[in-house]
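What the coordinates show
Chain by chain, the residues:
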Number of protein chains: 2
Amino acid sequence: MGPTTLLGPGDDAAVVAAPDGRVAVSTDVLVDGRHFRRDWCSAADVGHRAAAANLADIAAMGATPTALLVALCMPAELETSWAEGLADGLAAEAATVGASVVGGDMSASPTLTIAVTALGDLGGRAPVVRSGARPGDVLALAGRIGYAAAGLTVLTRGFRTPRLLVEAYRRPQVPYAAGPQAAVLGATAMIDVSDGLLADLGHVAKASGVAIDVRRDVFEVPRQMADAARALGVDPYTWILAGGEDHALAATFPPEVALPPEWRPIGLVTAGAGVTVDGGAYDGPRGWDHFR
Amino acid sequence: MGPTTLLGPGDDAAVVAAPDGRVAVSTDVLVDGRHFRRDWCSAADVGHRAAAANLADIAAMGATPTALLVALCMPAELETSWAEGLADGLAAEAATVGASVVGGDMSASPTLTIAVTALGDLGGRAPVVRSGARPGDVLALAGRIGYAAAGLTVLTRGFRTPRLLVEAYRRPQVPYAAGPQAAVLGATAMIDVSDGLLADLGHVAKASGVAIDVRRDVFEVPRQMADAARALGVDPYTWILAGGEDHALAATFPPEVALPPEWRPIGLVTAGAGVTVDGGAYDGPRGWDHFR
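Rules and cut-offs
- Position labels on residues start from 1 in each chain and follow its written sequence.
- Chains and ligands are labelled by the order in which they are written, letters from A for the one and numbers from 1 for the other.
- Local features in this predicted model are restricted to residues whose pLDDT is 70 or higher, and side-chain atom pairs enter the listing and the counts only when it is 80 or higher, whereas totals over whole chains, interfaces and linings include all residues.
- Side-chain measures were taken over the full set of non-hydrogen atoms in the model, leaving aside hydrogen atoms and water.
- Put simply, DSSP marks the helices as runs of H or I at least four residues long and the strands as runs of E at least two long, and each gets a number from the N terminus on.
- Radius of gyration here uses only the C-alpha atoms, and the compact-globule reference equals 2.2 Å multiplied by the residue count raised to the power 0.38.
- Relative accessible area decides the class of each residue, using a 1.4 Å probe on protein chains only: under 20% of the type maximum gives buried, over 50% gives exposed, and in between gives partly exposed.
- The contact rule is simple, with two residues in contact once any of their heavy atoms fall within 4.5 Å.
- A 1.4 Å probe and the Shrake-Rupley method give the accessible areas. Residues count as covered only by the protein chains that appear here.
- UniProt positions are given in the numbering used here, feature names are shortened, and annotations may be inferred rather than shown by experiment.
- In this comparison the copies share one frame, found by least squares on the C-alpha atoms of residues holding pLDDT of at least 70 in both.
- Only one rule defines a salt bridge in this text: a Lys or Arg side-chain nitrogen within 4 Å of an Asp or Glu carboxyl oxygen.
- Here the quantity called buried area is the accessible surface, traced with a 1.4 Å probe, that two parts lose on coming together, added over both.
- Polar contacts here mean pairs of N or O atoms no more than 3.5 Å apart (in protein, one a potential hydrogen donor and the other a potential acceptor; neighbouring residues in sequence count only if both atoms are side-chain atoms).
- Note that Gly is not counted as nonpolar here; it falls among the polar residues with everything else outside the nonpolar set of Ala, Val, Leu, Ile, Met, Phe, Trp, Tyr, Cys and Pro and the charged set of Asp, Glu, Lys and Arg.
- A pair of strands is treated as paired once DSSP finds two or more bridges between them.
- What marks off one domain from the next here is an automatic or database domain assignment.
- Read the arc as the range of directions from the helix axis to the C-beta atoms.

Considerations on the overall build of chain A
Secondary structure summary: chain A contains eight helices and 12 strands in total. Against the compact-globule benchmark of 19 Å for 292 residues, chain A has a radius of gyration of 19 Å, which places it among compact chains. Considered along the principal axes of its C-alpha atoms, chain A spans approximately 55 × 50 × 30 Å. A buried classification covers 61% of the 292 residues belonging to chain A. Within chain A, contacts between residues separated by at least 24 positions form 84% of all contacts whose residues are at least 6 apart in sequence. Element-wise, carbon and sulfur atoms account for 54% of the exposed surface of chain A, whose accessible area totals about 10,600 Å².

Focus on the UniProt feature "domain: PurM-like C-terminal" (unreviewed entry) in chain A
UniProt tags residues 134-223 of chain A as "domain: PurM-like C-terminal" (unreviewed entry). From the first C-alpha to the last, residues 134-223 of chain A spans 35 Å; its make-up is 43% helix and 16% strand.

Topic: the relation of the copies chain A and chain B
Look at the two chain copies: a rotation about an axis and a shift along it is all it takes to match them. The transformation that overlays chain A on chain B combines an axial shift of 0.0 Å with a rotation of 180°, and the residual RMSD is 0.0 Å. In short, the pair behaves as if placed about a two-fold rotation axis. Taking the C-alpha atom as reference, chain A places Gly 21 of chain A closest to the rotation axis, 2.4 Å from it. The overlap is high: 100% of the interface residues of chain A also sit at the interface in chain B, so the same surface is used on both sides.

A look at the pattern of salt bridges
In total, this model carries 24 salt bridges over all chains according to the counting rule given. The salt bridge partner of Asp 12 of chain A is Arg 130 of chain B, with a shortest N-O separation of 3.0 Å. A residue pair is termed interchain when its members come from two chains, as with Asp 12 of chain A in the loop between strand 1 (5-7) and strand 2 (14-17) and Arg 130 of chain B in the loop between strand 6 (113-121) and strand 7 (138-142). Here Asp 12 of chain A matches Arg 130 of chain B in class, with each residue buried. The partner of Glu 245 of chain B in a salt bridge is Arg 49 of chain B, with the nearest N and O atoms 2.3 Å apart. You can see Glu 245 of chain B sitting in the loop between helix 8 (236-242) and strand 10 (248-253) and its partner Arg 49 of chain B sitting in helix 1 (residues 43-59), a full 196 residues away along the chain.

Quick notes on the interface of chain A and chain B
With 52 residues of chain A at the contact, the number on the chain B side is 52 residues. In total, chain A and chain B occlude about 3,700 Å² of area from one another, counting both sides; carbon and sulfur atoms represent 62% of this. When the buried area of chain A at its contact with chain B is split by residue, Asp 12, Val 25 and Thr 27 of chain A rank highest and sum to 17% of it. Run the count over chain A and chain B and you get four salt bridges. Where chain A packs against chain B, one counts 18 residue pairs in polar contact (both at pLDDT 80 or more). Every element with two or more residues in the side of chain A that touches chain B is listed here: strand 1, strand 2, strand 3 (22-31), helix 1 (43-59), strand 4 (64-74), strand 5 (100-108), strand 6 (113-121) and strand 8 (189-193) of chain A. Considering each element in turn, the side of chain A that touches chain B owes the most residues, nine residues, to strand 3 of chain A. Here the residues of the side of chain A that touches chain B sort into 32 nonpolar, 11 polar and nine charged. Bridge count for strand 3 of chain A against strand 2 (residues 14-17) of chain B is four bridges, and the pairing is antiparallel. Among the inter-strand pairings, Ala 24 of chain A is bridged to a residue of strand 2 of chain B, identified as Val 15 of chain B.

Description of the domain arrangement of chain A
Residue and element names in this part refer to chain A. Domain boundaries in chain A define domain 1 (5-121) and domain 2 (138-277). One C-alpha centre belongs to domain 1, the other to domain 2, and the line joining them spans 24 Å. Taken together, the 24 residues of domain 1 in the interface contact 19 residues of domain 2. Across the domain 1/domain 2 interface, buried area totals approximately 1,700 Å², and carbon plus sulfur atoms make up 57% of it. In terms of surface lost to domain 2, no three residues of domain 1 exceed Trp 40, Arg 49 and Ala 60, which account for 38% of the buried area on that side. The interface formed by domain 1 and domain 2 holds three salt bridges in total. Between Arg 170 and Asp 45 there is a salt bridge, with its nearest N and O atoms 4.0 Å apart. Applying the counting criterion to the domain 1 and domain 2 interface returns seven residue pairs in polar contact (both at pLDDT 80 or more). Looking at the side of domain 1 that touches domain 2 element by element, the count peaks at 10 residues for helix 1.

Describing helix 7 (residues 223-232) of chain A
Residues and elements named next belong to chain A. Residues of helix 7 that are buried include every one of Met 225, Ala 228, Ala 229 and Leu 232, and no others. Seen from one end, helix 7 has its buried residues packed into an arc of 100°, which puts them on one side. Residues Arg 223, Arg 230 and Ala 231 are exposed on helix 7 and point more than 90 degrees away from its buried face. Lining the buried residues of helix 7 we find helix 3 (147-156), helix 4 (163-170) and helix 8 (236-242). Following helix 7 by one or two positions, Gly 233 has its phi on the positive side, about 70°.

Some points on unusual backbone geometry
Cis geometry is found at the peptide bond from Thr 161 of chain A to Pro 162 of chain A, where omega equals 5°. Within the fold, Pro 162 of chain A resides in the loop between helix 3 and helix 4. Within the chain, His 247 of chain A stands out as a residue other than glycine whose phi angle is a positive 55°. Position of His 247 of chain A relative to the elements: it lies in the loop between helix 8 and strand 10 (248-253). Positive phi values are uncommon outside glycine, yet Glu 245 of chain B reaches one of about 75°.

Shown next as structure tokens:
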């Protein structure tokens, strides 16, 4: 148990430190066959992904994750070792940010379902919401983008390599520390990129009442992604601009902020509405609606 | 939104006030056909029950509920009005304690599943855990007991009345305020009675390393319960001692504490182990494992 766990599992409720006097809290649910497939991911992988999705939401507010809770619904025929693997993955991912799994509930169910709730501490900072972007702000990105979507396409087509991409899908590498860092730097808006970059920037543009333009040439296509794209006949920018689940963080900053290397400038905020790429409409798919 | 909601739904995470600097947090999941049946309960009823189960866990720590989050998995064929009814029930139950639904997630799923997380504030008090009961303490109960179990038996047998019992099952009347009140009075242990009085007292006895004896004659059998018991051929004390889901609160208090009317003495804590009724073993069912 991490230092923020004041009372762990086993009582009617857990008790978690909230030194800031406010708590950031978010919940996400994963359904078997919809948000993950057991033949593509180990139980521990699913635990990492479920934790990452929630911890990234906390980071995207500029907060530091403190705790996870898990509600697990499991078919009777699934081995208990699967639940143990899931718990291991959840705990390991939480531990990367100093958080712990402090509580949970379990039930039998015909459908394997994992609902995770994450708590976080704002450390005295104002939460960075989606609605604060202003014309003139710089749009910047922390973390990898397109890798998980590429890995998912690879798996969907029946392949297991390139390993870099498949592992990126199974265990996203989330830039958790960049969230509080952005808040300290004075980010005006921030979002966890989970549905696809353009789709999630659309949420920021709408909430802030601004237009956002993304520069396509700032995104390097890594070699393995370029190879996979060629082999599978996919435009790699579809993964980068419209693929989700890397849990990169996108934030807007006033132009005078000196951005550290974690935050790469990828575009600009202007007056208007909507999201454009290189000043024009993007005609590929805009978001990632999981697989069906 | 209540005064504890600093940032409501619509961003990556909500922000909830935690003036105490600690947050009590608990999660519970309800699965269609296992924890509820849609032909027995309206969507709003299910919302009330799901919220009550979680808010009672917070009260049982001596905390005041501040917020709920909901992860809803719903079959595509279920009308959206069902989800709206559920949301109404959740919000209405939360409002009875000044809490709000601050966030959530939704997914399609073959199995209707509702995972709720509740947050609460301890108001400067130590959490009342299950492990603090000491020999000599008085065992006391707040809230109704046996009503929901009786209502469930009535519904299981195909009846819809007595209304008092059926409504108690559909919308439990939880003594939320009695939780923080017990903490202020100096309760040494407390638990939310959700699985059945004797089963839940067994958790307290085990965690505290004590024995607990319950006096059967302190429980009045209300007229409607006596009538239903006679008509259905059930011993009403099975509902009272082993039935769950009223979310009464059971707590232990040092003998010198003057108990207010909300807290009825129902037994004693002694040295030893296990739970007895009138000093002897109880030979009926001890707990309530939902319906199958």
